[in-house]
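Structural overview for review
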Number of protein chains: 2
Amino acid sequence: MTPQRYQRMREMLAKRQPDLTICLEEVHKTHNLSAMIRNCDAVGVHYAHVVWPRNERIRRGTSVGAQNWVRVQGHERIDDAVNAMRAQDMQVLVTHLSDEACDFREIDYTRPTGIIFGQEKYGATEQAIALADQEIVIPMLGMVQSLNVSVASALILYEAQRQREKAGLYDHPRLDETECQRILFEGGHP
Amino acid sequence: MTPQRYQRMREMLAKRQPDLTICLEEVHKTHNLSAMIRNCDAVGVHYAHVVWPRNERIRRGTSVGAQNWVRVQGHERIDDAVNAMRAQDMQVLVTHLSDEACDFREIDYTRPTGIIFGQEKYGATEQAIALADQEIVIPMLGMVQSLNVSVASALILYEAQRQREKAGLYDHPRLDETECQRILFEGGHP
Ligand SMILES: C[S@@+](CC[C@H](N)C(=O)[O-])C[C@H]1O[C@@H](n2cnc3c(N)ncnc32)[C@H](O)[C@@H]1O
Ligand SMILES: C[S@@+](CC[C@H](N)C(=O)[O-])C[C@H]1O[C@@H](n2cnc3c(N)ncnc32)[C@H](O)[C@@H]1O
């Protein structure tokens, strides 16, 4: 590994936010998965959850390399994903186009947070909505009913990034050193 | 047209921002075009520009109906698109991953504004960059080099929406009544 690459990876790792994550519930279009993992990498989300009943894996080569930098954990059921987030004391938010949902900009994302995104056509499941602490929505002022799911994830993650930057959460490394070493090892030998 | 639909369209038209636009320079993937036009509709962008050298048209049925609500003007050359924006006294911004680019959150989007987005693989052309007043970039803290283009457009447009809401630009109708009548007529007879 060149010193430049080592330096670049060290800078990336120093920005990682282990207590911010997303959960993709049956999002299945490759270009959406790819864009969402890129969003994660861009704001420092290091761990992401994917729920696929048949436990498929993200196909290789779909996310312009971002899946090498973001750890994606697969689950067969949404309960398992939510339990994983709860085990880290996260508030669990679910994106849902409902009247109960609050504006995504009103949430405090400096708290440990996991956000559930739903399937392209049907949105998040009833079960996901029941399990979450809070429904959130991105306000829309036009005629179209919903945004693309990767677009929605970017808007929420960059709002979290904005708040966390202001709160100083990017000022000091927060990912544990064992994981950093693992990434440096794997990333140095692609 | 039902009274409910009429009401819904009137509310949409009352939020339209005729002095905020985007220009898609050779963006060609259908799912990106579709997502970008949905983004426009969602924040109240009423007119959008598309540059395609061979002057193709957006294929029908690609944008879940949003192309009925957002007027897309095609241009053969980027100059023509920029001239159209300049004719409306807009500041012209170009998204570009360069060292000269300033953080997208530092821009004042309450001014009449047009934003150029580049092709999926190659980004904005040299010509677009030369014609624009300012380069802007969305900061990325990871290893991946760029965001998906529809994601980038959403982040910038929602920042504009946030600023414009704060400045009261959504409080009163701003689209001229002739255009409103045209949309009401067409939207009532799909
Ligand atoms: C295309 S939408 C699903 C639409 C579905 N018809 C519904 O009513 O839920 C797919 C996913 O994108 C996200 N999404 C889309 N628009 C959103 C918005 N305005 N606010 C929050 N999330 C949104 C959510 O995660 C949603 O589950
Ligand atoms: C995938 S990018 C093009 C990448 C290309 N390799 C380059 O260096 O420009 C396609 C378009 O997405 C937008 N984009 C992607 N990431 C961006 C970012 N971080 N800031 C601003 N615009 C971005 C720009 O409009 C860009 O032209």
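Our structure is the block above this text.
All residue numbers here refer to positions counted from 1 along the written sequence of the relevant chain. Each chain takes a letter, starting from A, and each ligand takes a number, starting from 1, following the order in which they are written. Thresholds applied to this predicted model are a pLDDT of at least 70 for local features of residues and 80 or more for the giving and counting of side-chain atom pairs; totals over whole chains, interfaces and linings are not thresholded and use all residues. Each side-chain value is worked out from all heavy atoms of the structure, with water and hydrogens disregarded.

Further remarks concern the side chain of Thr95(A). All names here are of chain A. The helix and strand labels rest on DSSP assignments: H or I over at least four residues marks a helix, E over at least two residues marks a strand, and numbering proceeds from the N terminus. Along the polypeptide, Thr95 turns up in strand 4 (residues 91-95). Polar contacts, as used here, are pairs of N or O atoms within 3.5 Å; protein pairs need one atom able to donate a hydrogen and one able to accept it. Residues neighboring in sequence count only if both atoms are side-chain atoms. A distance of 2.8 Å separates a polar side-chain atom of Thr95 from the backbone oxygen of Ile116. Look past the residues within four positions of Thr95 in its chain and what remains in contact with it is Ile115, Ile116, Phe117, Gly118, Ala124, Ile136 and Ile156. Contact between two residues is taken to exist if any of their heavy atoms lie within 4.5 Å; hydrogens are not considered.

Our next topic: helix 6 (residues 177-188) of chain A. All names here are of chain A. The span one expects for a helix is its residue count, reduced by one, times 1.5 Å. For helix 6, which comprises 12 residues, the first-to-last C-alpha distance of 16 Å matches the rise-based estimate of 16 Å (1.5 Å per residue) to within 8%. Along helix 6, the residues classified as buried are Glu179, Cys180, Ile183, Leu184, Gly187 and Gly188. The buried residues of helix 6 occupy one face: seen down the axis, they fall within an arc of 155 degrees. Residues of helix 6 that are exposed and angled more than 90 degrees away from the buried face: Thr178 and Phe185. Exposure categories follow from relative accessible area, calculated using a 1.4 Å probe and restricted to protein chains: below 20% of the type maximum is buried, above 50% is exposed, and the middle band is partly exposed. Regarding the arc, it is the one traced by the directions from the helix axis to the C-beta atoms.

All names here are of chain A. At least two bridges found by DSSP between two strands are what make those strands a pair. When strand 4 meets strand 7 (residues 134-137), the two strands line up parallel, connected through three bridges. Across the sheet, Thr95 pairs through a bridge with Ile136, a residue of strand 7. As judged from the two bridges shared by strand 5 (residues 102-103) and strand 7, these two strands associate in the parallel manner. Note that in strand 7 the partner of Cys102 across the bridge is Ile136.

Before going further, it helps to examine the sheet that holds strand 1 (residues 20-25) of chain A. Taken in spatial order, the seven strands make up an open sheet running 3-2-1-6-4-7-5 (chain A), and their pairing is parallel. Two strands lie at the open edges of the sheet, namely strand 3 (71-75) and strand 5 of chain A, each paired on one side alone.

The values reported here are purely geometric and, on their own, carry no functional implication.
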